[in-house]
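Residues per chain, in single letters:
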Amino acid sequence: MGRNCCLFCAASLSTFLHEEGRLLGGLRREVQFIMDELEQMRAFLREAEAREEDAQPTLQQWIKQVRDAAYDTEDILDDFVARFARHRATGFYGSVRRIFSSIKNLRARHRVASEIQSIKSRIESISKAHKRYKSDYGISAQASNSISAVNNTTWRYSRDDALLVEEAKLVGIDQPKKRLISQLLERDDYQLKVVSVVGMGGLGKTTLVKKVYEDLEVRRHFPVRAWVTVSQTCDFQDLLKDLIRQLHKEGKKPVPQSIESLNTTELKEFIKDFLQQAGRYAIVFDDIWDVEFWNAIKFVLPESSHGNRVMLTTRKADVASASCTESLGYIHRMEPLSFEDSWTLFCNKIFKGNSCPGHLMDVAKGVLDKCEGLPLAILAISGLLALKDVNRTEEWEMVRCSLGGELEGAGKLDRVRKILSLSYGDLPWHLKTCLLYTSIFPEDYEIDCYELINLWIAERFVEWREGMRIEDIAWGYLSELVSRSLIQVTDVFYEGSPDYCRIHDLLREVILLKSREQNLVTITTGQPTMWPSDKVRRLVVHSSSSNNTPHHQQRQNYCFDHLRSFVTIESTNPLLFKTLLSEVLGSSKLLKVLDFGGQETEEEIPNEIFKMFHLKYLHLGGTRVERVPKAIGKLQHLEYLNLADTRVRELPMEILKLQKLRVLRVYQQVDPSDDDYGYHGFKAPSNMGGLLALETLNSIDASSGSTIVKEIGKLTQLRELYITMLRREDGKELCSSLANLTSLRELSVASVGNGDDLEIIDLNHRHPSRSSSSSCSFLQSLRLLILGGRLEKMPRWVAHLHSLVRIDLDWSKLRGEEDPLESLQHLPNLGEINFCGSYQGEGLCFKAGGFLNLKRMYLKRMEGLRWLRVEEGALPRLQNLILERLPLLEELPLGIQHLSHLQQLYLSEMSSEMIEKVENQKEGSEDYTRIAHIPEILIGYYTDDGEWRDRWLWAEKKKTYNLS
């Protein structure tokens, strides 16, 4: 999977090779040969890897050799560049000329040529084998970006597994079944309706739809029915013929022999004519893999006036959305089983409905935790456990501990692996690499989406496209993997912006297997048995409970010479970390990614880091680092620098030499025990505007005055800007600078001072030289706005931020006559409001027709607030309402009954009078009726001994929440 990296490096060498051809002599031709051959191998591997799962061992071994050659070629090319481009006192090419002209000893030059010649010989040998395997296995050298179809054997497994749940009564299916039947039978007789069921492989989509399809009421309502399995490998003509046969069979009519001679267009016309005459129909298309299939099949489905229905199952959200766009549509997202339903299914399979023996409870729950509510996995693993002796706990424990190995074998869990592998196999080339890279994170780890996409970029997994920013492309990759149900978003920063994500445990096991096969990542906890002897390309260290560092002799074969990435996840053993870091920095000259955020370190950054010529990603966040030395300027290729939550408060002038720097994060929390008080930024060099590639600047201290504020206006590529310590008199200059930042999506401005003592932010300015049309375009790309400090009034331009999705006002202390809601209520895309100490008035009224798209509202620390009112027609889409530390508020909002979409009401540290009134409402009373429609009401409070507690007043899913 280093091919993208290798080709990127090779492409960047093209100009160099051309211009320096005279000096390089034969080397130029040799390097060009490597690049050309590698391009051919890359195309070949795209197709070969699609068949690797079922390939013969000889082919698998050959593919491994190709991968290794690609990795080594990348090393040679990078070493080549580093050797001759490291010293560039007066520019890159000038330095190269001086180096070559000064080489007296031809042996040094011979060493470079020898390395290139060695890899050339390997590639030529592989190329000959390539021709042989092309002949033996029928794999072509030219491959498109689409992945070859998985063979029929694999597909047969997946269809068998989709209905595997028939072996036991599937629990948790009744409610979704009723919901889908209701959608089918609704009286929408004048338009075709599509019902899409979407979710990851193994959730039981096919089984659920099969239950609906075979329901007696559905059968009576739809006299014409058909079930079509689509799959990745379907032949469209054969599928159409199968549909015709089923439709005739349902109607008890003979199948016309003429269909065998019809082409695709004629078959489509035949089906459309048949359905128009047949009356009310319901057709299921099971397991659709791409939008193109839906776009092809939809034209055979006539609208008519009979209330026709189509159901489909898919793993891809874009397929579900596309199918429902042009017709009446309903999308049902399959969720994993709850723990109770999982437990019931588990016990039904193993103990035939009886309870689990007490001595097996812990290990059984451990197994279920691994399954994470995936019915396919629960049934497959319980089938495996059913063969074990229930009296021998150690046999069960062995299964629990070896689930990854079971997936790798050919036993019962091979079925689970195959169905999960189908989604991986369907991915385009670049997304496969990105998904496999998530194997660096431990089980159940909450992955920071922003850091993940920047790691992808640094590793060169993201392919640059004309006219697009690399970060946008990377976010698109993440979105695609989420859409394909391979990555689960667990938290969002604001609507449309994923914050944290994770990988399903069993899918992670499959990814780990493939990552290990391709030598993409090496993961260790530092235990002696974990040290590999192969060349390590990417070393990831997970936290270990052991305090012992392996003896050096036990790691004597551990080679760091080819290391590209060194990443630590969570805090690791300090001695182990220091030993590893020392060895990595001592021998890894090709390092591109260095991430030891959160580790126990010295106050000084190791000097060896500044010798890493190729370093692109440096994450030191959460360490004890106190200062950044001038040597930082040597990291000419650095793109990402994270010093968040360190002790660094100032950056040297040499930071301006990092002309490729896209992301700069340097900040510390003002009060680590309370994030309401914001962050400290860093003091920047006075000519900070020279970092023209910067897209993220978080957070810059503006207390030095207007010079630094003016410099911000030169950073025209900025997407995220966080400013601290802004003085009131610099507000006008800041507005002038902001007018230049036409791509800005996130803006945070905090004033000088802390908490209640914050100075006034004065941003009520428009640059006098700007025309009225320019003023209207001011910050029109902004999606997030955070203002931390006192406001005399809301800036006028806020009411025109039509792209704004979220706004936070902290310590604004707006007076009663300056209603903060007035300028916000008609913003068309505003989905989230967070107010903390932002209003000093007695009450807030949400007026009819206002905040039409708001989904989340958080009101906190407004000591004078006595009442809230919601008029009918206001906040029609509000789902979450959080009220915290509002000491004078003794009643729930008047008109709360109008919030028909409210899903959760959270009352945190509210007055005892408020809590008492909420808790003591009697069922059937007027007060109870006002809030009876809210599925979840949660109360947060501190106990007498200072412990924090959340208490559910009620929840629609009571048995789920009462587990604790």
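Residues numbered from 1 in each chain as written. Predicted model: local features only at pLDDT ≥ 70, side-chain atom pairs only at ≥ 80, totals over all residues. Heavy atoms only, no water.

Enquirer: I'd like a rundown of the overall build of the protein chain, residues and numbers included.
Expert: Regarding its fold elements, the protein chain presents 31 helices and 30 strands. Residues classed as buried in the protein chain amount to 54% of the 964 residues present. Relative to all contacts within the protein chain whose residues are 6 or more apart in sequence, the contacts with residues 24 or more apart total 67%. Just so you have it, the protein chain exposes about 41600 Å², and 47% of that area is on carbon and sulfur atoms. (Helix = DSSP H or I, 4+ residues; strand = E, 2+ residues; numbered from the N terminus. Buried < 20%, exposed > 50% of the residue type's maximum accessible area, 1.4 Å probe, protein only. Contact = heavy atoms within 4.5 Å. Areas by Shrake-Rupley, 256 points an atom, 1.4 Å probe, with all protein chains shown as cover.)

Enquirer: Describe the sheet that holds strand β5 (residues 328-333), with residues and values.
Expert: Taking strand neighbours across the sheet as the criterion, the five strands line up as β2-β3-β4-β1-β5 in an open arrangement whose pairing is parallel. Whereas interior strands pair on both sides, the edge strands pair on one side only; in this sheet they are β2 (224-229) and β5. Going from strand to strand, the sheet's axes swing by 15° on average, the running direction of each strand aside. Where strand β1 (residues 193-198) meets β5, six bridges bridge the pair, whose relative direction is parallel. Bridge pairing in β5 places V197 opposite H332. (Pairing = 2+ DSSP bridges. Axes fitted to C-alpha atoms, helices over the stretch in contact; angles between N-to-C directions.)

Enquirer: Please give an account of the pattern of salt bridges that cites residues and values.
Expert: Taken as a whole, this structure holds 40 salt bridges when the rule is applied. For E495, the salt bridge goes to K855, with nearest N and O atoms at 2.9 Å. Taken together, the residues span a long stretch of sequence, with E495 in the loop between β7 (488-494) and β8 (497-502) and K855 in the loop between β24 (843-846) and β25 (856-860) at a distance of 360 residues. Take E495: its relative accessible area is 40%, and that puts it in the partly exposed class. Two residues, E947 and R949, come together in a salt bridge whose shortest N-O distance is 3.9 Å. (Salt bridge = Lys/Arg side-chain N within 4 Å of Asp/Glu carboxyl O.)

Enquirer: Could you give me a rundown of the nonpolar core, with the residues and numbers involved?
Expert: The biggest cluster of nonpolar side chains holds 117 residues, and the ones touching the most others in it are F566, M688 and L721. When residues in this core are grouped by element, the largest group, six residues, is from helix α25 (residues 574-587). Formed by 94 residues, the second largest nonpolar core is a distinct cluster that contains F351, L374, A458 and L506. (Core = buried A, V, L, I, M, F, W, Y, C linked by side-chain atoms within 4.5 Å.)

Enquirer: Now, about the side chain of R460: what can you tell me, with residues and values included?
Expert: The topology assignment puts R460 in the loop between α22 (449-458) and α23 (470-483). Reaching out from R460, the side chain makes a polar contact with the side chain of E639 at a distance of 2.8 Å. (Polar contact = N/O pair within 3.5 Å; in protein donor to acceptor, adjacent residues only side chain to side chain.)

Enquirer: Can you explain the sheet that holds strand β6 (residues 447-448)? Please cite residues and give values.
Expert: Spatially, β6-β8-β7 is the arrangement adopted by the three strands of the open sheet, whose pairing is antiparallel. Each edge of the open sheet is held by one strand with a lone partner, namely β6 and β7. In terms of strand pairing, β7 meets β8 through five bridges, oriented antiparallel. Opposite D491, over in β8, you have Y500 as the bridge partner.

Enquirer: Explain the environment of I119 residue by residue, including any values.
Expert: Positionally, I119 belongs in helix α6 (residues 106-137). Considered as a pair, I119 and D72 are 47 residues apart in the sequence and their alpha carbons are 7.7 Å apart.

Enquirer: Outline the environment of R665, supporting the account with residue identities and numerical values.
Expert: Position of R665 among the secondary structure elements: in strand β15 (residues 663-665). Remark: the alpha-carbon pair of R665 and L697, spanning 32 residues in sequence, is separated by 6.2 Å.

Enquirer: Can you explain the packing of helix α15 (residues 339-351) against helix α17 (residues 375-385)? Please cite residues and give values.
Expert: Across the interface, α15 lies against α17 with an axial gap of 9 Å and an inter-helix angle of 35°. Note that α15 runs across α17; the crossing there is right-handed. Counting all contacts with α15, which are made through S342, L345, F346, K349 and I350, the residues of α17 involved are P375, I378, L379, S382, G383 and L385. For the contact of α15 with α17, a count of residues per class yields seven nonpolar, three polar and one charged. (Left-handed = near helix turned anticlockwise from the far one by under 90°. Nonpolar A, V, L, I, M, F, W, Y, C, P; charged D, E, K, R; others polar.)

Enquirer: Tell me about the packing of aromatic side chains, and please be specific about residues and values.
Expert: Two aromatic rings, taken as a pair, are described by how far apart their centres are and by the angle between their planes. Applying the stated criterion across every chain, the model contains 17 aromatic pairs. Aromatic side chains Y213 and W227 sit 5.4 Å apart centroid to centroid with 70° between the ring planes, which places their arrangement in the edge-to-face category. Linking Y213 in helix α9 (residues 205-213) with W227 in strand β2, this pair joins segments that are 14 residues apart in sequence. Comparing Y213 with W227 shows no difference in burial state: the two are buried. (Phe/Tyr/Trp six-rings, centres within 6.5 Å; stacked < 30°, edge-to-face > 60°.)

Enquirer: So, the pairing of strand β4 (residues 309-314): which residues are in play, and what are the values?
Expert: Most of β4 is tucked away, with six of its six residues classed as buried. By the alternation rule, side chains of β4 split into R309, M311 and T313 and V310, L312 and T314, which are all buried. Relative to β4, β1 runs parallel, the two sharing six bridges. Bridge pairing in β4 links V195 to M311. The pairing of strand β3 (residues 281-288) with β4 spans five bridges and is classified as parallel. Across the sheet, residue A282 finds its bridge partner in β4, namely R309.

Enquirer: Help me get a handle on the packing of helix α16 (residues 361-371) against helix α18 (residues 393-401), residues and values and all.
Expert: Close contact between α16 and α18 brings their axes to 10 Å; oriented N to C, the two are set at 20°. The angle between α16 and α18 places the two elements in the roughly parallel class. Between α16 and α18 lies a crossing of left-handed hand. Contacts between α16 and α18 involve V363, A364, G366 and V367 from the former and W396, E397 and R400 from the latter. (Parallel < 35°, antiparallel > 145°, perpendicular 65-115°, else oblique.)

Enquirer: Explain the environment of G705 residue by residue, including any values.
Expert: Following the sequence through the fold, G705 ends up in the loop between β18 (696-701) and α26 (706-712). Counting along the chain gives 20 residues from G705 to M725, while the straight-line C-alpha distance between them is 9.6 Å. Among residues more than four places away in sequence, those in contact with G705 are R727 and D730.

Enquirer: Describe unusual backbone geometry, listing the residues and the values that go with them.
Expert: Backbone torsion omega between N698 and S699 reads 5°, so that peptide bond is classified as cis. Structurally, the position occupied by S699 is in strand β18. At D444, a residue that is not glycine, the phi angle is positive and equals roughly 65°. Within the element layout of this structure, D444 appears in the loop between α21 (429-437) and β6. Even without being glycine, F851 reaches a positive phi, approximately 50°. The class for F851 is buried, based on a relative accessible area of 2%.

Enquirer: Before we move on, could you go through helix α24 (residues 505-517) and cite the residues and values that matter?
Expert: Residues spaced three or four apart along an α-helix point in a common direction, a consequence of the helix completing one turn every 3.6 residues. In this model, α24 (13 residues) spans 19 Å end to end at C-alpha, consistent with the 18 Å of a helix rising 1.5 Å per residue. With eleven of its 13 residues buried, α24 lies for the most part within the structure. Count one or two residues on from α24 and you reach N519, which has phi positive near 55°. (Expected span 1.5 Å × (residues − 1).)

Enquirer: Outline α9, supporting the account with residue identities and numerical values.
Expert: Buried residues dominate α9, accounting for seven of its nine residues. Buried within α9 are the following residues: K205, T206, T207, L208, V209, V212 and Y213.

Enquirer: Describe the side chain of R309, with residues and values.
Expert: If you trace the backbone, R309 turns up in strand β4. Here the side chain of R309 touches L184 through a polar contact of 2.8 Å, landing on its backbone oxygen.

Enquirer: Any details on the pairing of strand β29 (residues 936-942)? Residues and values, ideally.
Expert: Successive side chains on a regular strand alternate, one facing one side of the sheet and the next facing the other. Where burial is concerned, most of β29 is hidden: five out of the seven residues are buried. With five bridges joining them, strand β28 (residues 904-908) and β29 adopt parallel strand pairing. Residue pairing across strands places Y906 opposite L938, the latter belonging to β29.

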